[in-house]
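# Structural description and commentary
Below are the chains, spelled out letter by letter.
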Amino acid sequence: MVGHLPIVSIRLTTDRLDTYMETFRTLQGYQIWQTHREWIETHQPTFADDIATRFRWTSTITEEDQKNAEKQVSTIKAQLQELLQNGGLLAIPTSPDVAPKIGTDPSDLEAHRKNTFKLTAISGLAEIPQVTIPCLTIHDLPVGLSFLANKHNDLALLQFARSVQEKEEVLL
């Protein structure tokens, strides 16, 4: 039990958070292309390969894709508002693993980036506060645990985080 709330295990999605990541990427990619399209097409700058690949991808996102992503956001917001009602908190890992080492293979970096997006997209899509507490170590590296609260519960979330740090407790 955390304070007066019971700890329960839930499943947000059945697709390993792929919907969250793809929805976020679509919204972000569409906005990026709408903002930078004219400059990129006019000046044709040279980007690193991974950045150039992402810009090419953003150029393929249609207005219909954007509208579908916005509908998905409405569903995600409603789901999380219901889940976090009455002062509930959602606890998730901040990252899927420890930070990649310098010199990590680019394909491994991309996989880590995508898996991190799956976790970090949740609060952004739902427009809810998130706080991260470094509370574990793996291979002598810090690992964070994130807590998400419902909209307008920012202060309560920060008070919770402070109380956890003051007690120096590991919750899991």
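Residues numbered from 1 in each chain as written. Predicted model: local features only at pLDDT ≥ 70, side-chain atom pairs only at ≥ 80, totals over all residues. Heavy atoms only, no water.

### Thoughts on helix α2 (residues 49-58)
Our working definition: A 1.4 Å probe rolled over the protein chains alone gives each residue an accessible area, and that area as a share of the maximum for its type sets the label: buried under 20%, exposed over 50%, partly exposed in between. For helices the rule is a DSSP run of H or I covering at least 4 residues; for strands it is a run of E covering at least 2, with both sets numbered from the N terminus onward. Here the arc refers to the directions that run from the helix axis out to each C-beta atom. Note on contacts: a residue pair qualifies if any of its non-hydrogen atoms lie within 4.5 Å across the two residues.
For α2, the full list of buried residues reads A52, F55 and T58. Along the axis of α2, the buried positions cluster into a sector of 120°, meaning they face one direction only. For α2, the exposed residues lying more than 90 degrees away from the buried face are D49 and R56. Its buried side turned inward, α2 meets α1 (18-43).

### Topic: the side chain of S95
What counts here: We call two N or O atoms a polar contact when they sit within 3.5 Å, provided that within protein one can donate a hydrogen and the other can accept it, with sequence-adjacent residues counted only if both atoms are side-chain atoms.
Looking at where S95 falls in the secondary structure, it is placed in the loop between β1 (89-93) and α4 (106-126). Engagement of the side chain of S95 in a polar contact is seen with the backbone oxygen of D97, the distance being 2.9 Å. Sequence-distant contacts of S95, that is, excluding residues within four places in its chain, are made with H112, T116 and L119.

### Let's talk about the pairing of strand β3 (residues 141-149)
Rules: For two strands to be treated as a pair, DSSP must find at least two bridges joining them.
Within β3, seven of the nine residues are buried, which leaves the element mostly enclosed by the surrounding structure. Bridge count for β1 against β3 is five bridges, and the pairing is antiparallel. Paired with A91 across the two strands is F147, which belongs to β3. Where strand β2 (residues 130-138) lies against β3, eight bridges are found, and the strand directions are antiparallel.

### Regarding the packing of helix α3 (residues 63-83) against α4
Keep this limit in mind: Note on geometry: axes are C-alpha line fits, over the in-contact stretch for helices, and angles between N-to-C directions span 0 to 180 degrees. To sort the angles, those under 35 degrees are grouped as roughly parallel, those over 145 as roughly antiparallel, those from 65 to 115 as roughly perpendicular, and the leftovers as oblique. Gly is placed with the polar residues, together with every amino acid not listed as nonpolar (Ala, Val, Leu, Ile, Met, Phe, Trp, Tyr, Cys and Pro) or charged (Asp, Glu, Lys and Arg).
Where α3 meets α4, the axes come as close as 9 Å, and the angle between the chain directions of the two elements is 90°. Relative to α4, α3 is oriented roughly perpendicular. Touching V73, I76, K77 and L80 of α3 are I122, L125 and A126, all from α4. When grouped by side-chain class, the residues that make up the contact of α3 with α4 number six nonpolar, no polar and one charged.

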